[in-house]
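Chain residues, written in single-letter form:
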Amino acid sequence: MANYCYNEIFLIGKDEESIKELKDRLTGTYDKFNYLNGWCDYVLKVRDDFDYNFDEDKRDHYFYGSRWFDFEVEDNDDNTLQINGDSAWSPMEKFTEELCKVYNLSGNLEYSEQGCDFAGITNFDSFGETSRQEFTYSEYEYKYLDKDYWIENQIEWLKVPKDSGVSKEDIDEFVKEASKYASEEDINKILNSLNQLK
C-alpha cells in the first residue's frame, strides 16, 4: 500500500480565462482515464481526447509525480484556483510545473508525507520552478503547521515505555536534529515534560 503524500497546489492566473479553462479540464475528467499520465496529458492539453492507451505510453508511471491523485478543486476567485489532495508516495511537482507553463500561471506546491518523513514548498512561474525548500516532516510540522502540536507529538513519541526501545541515544538524536530548526525553548519544553514523567 502506498504512503499518502498530501499536496496543496495554489495557482494564480493573469486573467480569469486561463483559470476557467484549467478548471473545466480538471473537473469531471479524472474518472475517464485509468492512469494518471493520460489524465495529466488531457489537463495539460497534450491530448484532447480520452483515448489514452497505457500500453503505448513509454514514460515512467510517475512521470507527473505519482501513479494516482485523489484531489478536490477549490475555486477561490476569478484568478485563482486551489487543488488539494493525496498522491502516492511523492508530490505532484512535474504536474504543477507544467500547469504553470501551459496556462501561463504562477503558483506553489506545498507537500508533506509523514510516513517517509519529507515535506517541501516549491514555487513556479510560467517558465518553470523558481524556488524550492525541502524539510523533514518534523521540521515542516514545526515551521508551518502547529508548534504546540509538534511539541505534543515529540513528547508522545519520546515518552513511550523504556522497554519499547526509546533510549537516551534516541533522545540525544532528537535534540541534535530538532536543534537545527526548533527553538531551545521548545526543545526544553519537551525535555522538561519527559523529566516530569520519570
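First things first, this report covers the structure right here in the doc.

All right, on to a negative patch on the surface then. Side chains of Asp-15, Glu-16, Glu-17, Asp-77 and Asp-78 sit close together on the surface and give a patch of like negative charge. Counting through the fold element by element, Asp-78 comes out in the loop between strand E2 (69-77) and strand E3 (80-88).

Attention shifts here to the pairing of E3. Here E3 lies mainly inside the structure; 8 of its 9 residues are buried. Inspection of the sheet shows E2 paired to E3 by 7 bridges, in the antiparallel sense. Its bridge partner being in E3, Phe-69 is matched across the sheet by Ser-87. In textbook terms, the turn of a hairpin is the stretch between consecutive antiparallel strands, and for E2 and E3 this stretch comprises 2 residues.

Turning next to the layout of surface pockets. The space that makes up the largest pocket amounts to roughly 470 Å³. In this structure, the largest pocket is lined by 17 residues; those nearest its centre are Asp-117, Thr-136, Ser-138, Gln-154 and Tyr-181. Those elements giving two or more residues to the lining of the largest pocket turn out to be helix H4 (137-145), helix H5 (147-158) and helix H6 (168-178). A per-element tally of the lining of the largest pocket places H6 first, with 5 residues. The residue makeup of the lining of the largest pocket, split by class, is 5 nonpolar, 5 polar and 7 charged.

Let us now look at the packing of aromatic side chains. Under the criterion given, the structure shown has 21 aromatic pairs. Their ring planes at 85° and their centres at 6.4 Å tell us that Tyr-64 and Phe-95 sit as a pair that is edge-to-face. Here the residue Tyr-64 occupies a position in the loop between helix H2 (36-43) and E2, and Phe-95 occupies one in helix H3 (residues 93-103), the gap between them amounting to 31 residues. By relative accessible area, which is 0% here, Phe-95 ends up buried. Consider the rings of Phe-135 and Tyr-140, whose centres lie 6.3 Å apart with planes at 35°: the pair is tilted. Here the two residues Phe-135 and Tyr-140 agree in accessibility, since each one is buried. Here a set of aromatic residues connected by ring pairs shows up, and it is made of Tyr-30, Trp-39, Phe-63, Tyr-64, Phe-69, Phe-71 and Phe-95. Positioned above the aromatic ring of Phe-50, the side-chain terminus of Lys-32 is 5.4 Å from the ring centre.

This paragraph deals with the environment of Ser-18. Take Ser-18: it is sitting in helix H1 (residues 16-26). The spatial distance from the C-alpha of Ser-18 to the C-alpha of Asn-34 is 26 Å, given a sequence separation of 16 residues. Apart from the residues lying within four places of it in its own chain, the contact partners of Ser-18 are Gly-13, Tyr-103 and Leu-105.

This paragraph deals with H4. Residues spaced three or four apart along an α-helix face the same direction, because each turn holds 3.6 residues. Among all positions of H4, only Tyr-137, Ser-138, Glu-139, Tyr-140, Glu-141 and Tyr-142 are buried. Structurally, H4 contributes buried residues whose contacts are with strand E4 (105-113), strand E5 (118-125), strand E6 (128-135), H5 and helix H7 (184-197).

Mapping Ser-126 onto the fold places it in the loop between E5 and E6. A distance of 3.3 Å separates polar atoms of two side chains, one belonging to Ser-126 and the other to Asn-104. Apart from residues no more than four positions distant in its own chain, Ser-126 is found in contact with Cys-100, Lys-101, Asn-104 and Leu-105.

How each quantity is defined
Residues numbered from 1 in each chain as written. Predicted model: local features only at pLDDT ≥ 70, side-chain atom pairs only at ≥ 80, totals over all residues. Heavy atoms only, no water. Patch = residues over 30% accessible without salt bridge, like charges linked within 9 Å, V, L, I, M, F, W, Y side chains within 5 Å. Areas by Shrake-Rupley, 256 points an atom, 1.4 Å probe, with all protein chains shown as cover. Salt bridge = Lys/Arg side-chain N within 4 Å of Asp/Glu carboxyl O. Lys, Arg positive; Asp, Glu negative; His and termini not counted. Charge placed at Lys NZ, Arg CZ, Asp CG, Glu CD. Helix = DSSP H or I, 4+ residues; strand = E, 2+ residues; numbered from the N terminus. Buried < 20%, exposed > 50% of the residue type's maximum accessible area, 1.4 Å probe, protein only. Pairing = 2+ DSSP bridges. 1 Å grid on protein atoms, 1.4 Å probe; cavity = no way out; pocket = protein on both sides within 12 Å on 5 of 7 lines; lining within 4 Å. Points joined across faces, edges and corners; volume = space filled by probe spheres on them. Nonpolar A, V, L, I, M, F, W, Y, C, P; charged D, E, K, R; others polar. Phe/Tyr/Trp six-rings, centres within 6.5 Å; stacked < 30°, edge-to-face > 60°. Lys NZ or Arg CZ within 6 Å of the ring centre and 35° of its normal. Contact = heavy atoms within 4.5 Å. Polar contact = N/O pair within 3.5 Å; in protein donor to acceptor, adjacent residues only side chain to side chain.

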